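Coordinate analysis (summary)
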Amino acid sequence: MDAPVTVVSPIVLAREPAFRVSGVEVRPETCELVAGDSSRVIEPRVMQVLVALHQAGGHVVSRDDLLARCWSGRVVGEDAIHRVISRLRHEAEAVGGPFRVETITRVGYRMVETGADSPATV
């Protein structure tokens, strides 16, 4: 029996709705992170990765899925992914650390909310 095929569509920031991560508003279409009265504009690729991790709902996102959704399947080196993940971690700290990005060795990445209003874990 064949394994089911999962179709992953590229993330188009202009079509993504705003969402909140532990009190920080994330606005994909303008690439903004808004915390209180301050706003930070982040790189589009970094925002795409943030959207992909958020949409996974705490589950691990594989490198292949990130490539398909954020790089439109283009072949890029591991350094490109590492740079974007590093940048995302930096931006999370800059707005008060509402989440962290965990590296799951040889599998992918997972976003974990850390703010006061993050969902309780079981």
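Before going further, it helps to examine the overall build of the protein chain. For the protein chain, the count of helices and strands is three helices and seven strands. Its helices and strands in sequence order give the protein chain the pattern β-β-β-β-α-β-α-α-β-β, from N to C terminus. Residues counted as buried form 38% of the 122 residues belonging to the protein chain. Taken as a whole, the protein chain presents about 7,300 Å² of accessible surface, with 51% of it coming from carbon and sulfur.

Next up on the list: the confidence of the model for the protein chain. Per-residue confidence for the protein chain gives a mean pLDDT of 89, with 88% of residues at or over 70. In this model residues 118-122 is a low-confidence stretch, pLDDT under 50, and it forms three contacts with partners more than four residues away in sequence or in other chains.

Take the environment of F19 next. For F19, the position within the fold is in strand β1 (residues 19-21). In the structure, F19 is positioned 35 residues away from H54 in sequence and 9.0 Å away in space, judged by C-alpha atoms. The residues touching F19, leaving out its near neighbours within four places in the chain, are V24, E25, V26, P28, L50, V51 and H54.

Taking 1.5 Å per residue as the helical rise, helix α3 (residues 78-94) with its 17 residues ought to reach 24 Å, and the 24 Å between its terminal C-alpha atoms agrees with that figure. Of the residues one or two after α3, G96 is the one with positive phi, at around 100°.

On to the packing of helix α1 (residues 44-55) against helix α2 (residues 63-70), then. In contact at an axis separation of 10 Å, α1 and α2 are set at 125° when each is read in the N-to-C sense. For the element pair α1 / α2, the angle class is oblique. When you trace α1 past α2, the crossing you get is right-handed. The residues of α2 that touch α1, namely those facing R45, Q48, V49, A52 and Q55, are L66, R69 and C70. A class-by-class count of the residues in the contact of α1 with α2 yields four nonpolar, two polar and two charged.

Pairing is antiparallel across the open sheet formed by three strands, whose spatial order is β5-β7-β6. Either end of the sheet is taken by a strand with one partner, and the two such strands are β5 (61-62) and β6 (99-104). Of the pairings in the sheet, the one linking β6 to strand β7 (residues 108-113) comprises six bridges and is antiparallel in character. Note that in β7 the partner of T103 across the bridge is Y109. Against the sheet, α1 engages β5, β6 and β7, with an angle of about 75° to β7.

Conventions and cut-offs
Residues numbered from 1 in each chain as written. Predicted model: local features only at pLDDT ≥ 70, side-chain atom pairs only at ≥ 80, totals over all residues. Heavy atoms only, no water. Helix = DSSP H or I, 4+ residues; strand = E, 2+ residues; numbered from the N terminus. Buried < 20%, exposed > 50% of the residue type's maximum accessible area, 1.4 Å probe, protein only. Areas by Shrake-Rupley, 256 points an atom, 1.4 Å probe, with all protein chains shown as cover. pLDDT = per-residue confidence, 0-100. Contact = heavy atoms within 4.5 Å. Expected span 1.5 Å × (residues − 1). Axes fitted to C-alpha atoms, helices over the stretch in contact; angles between N-to-C directions. Parallel < 35°, antiparallel > 145°, perpendicular 65-115°, else oblique. Left-handed = near helix turned anticlockwise from the far one by under 90°. Nonpolar A, V, L, I, M, F, W, Y, C, P; charged D, E, K, R; others polar. Pairing = 2+ DSSP bridges.

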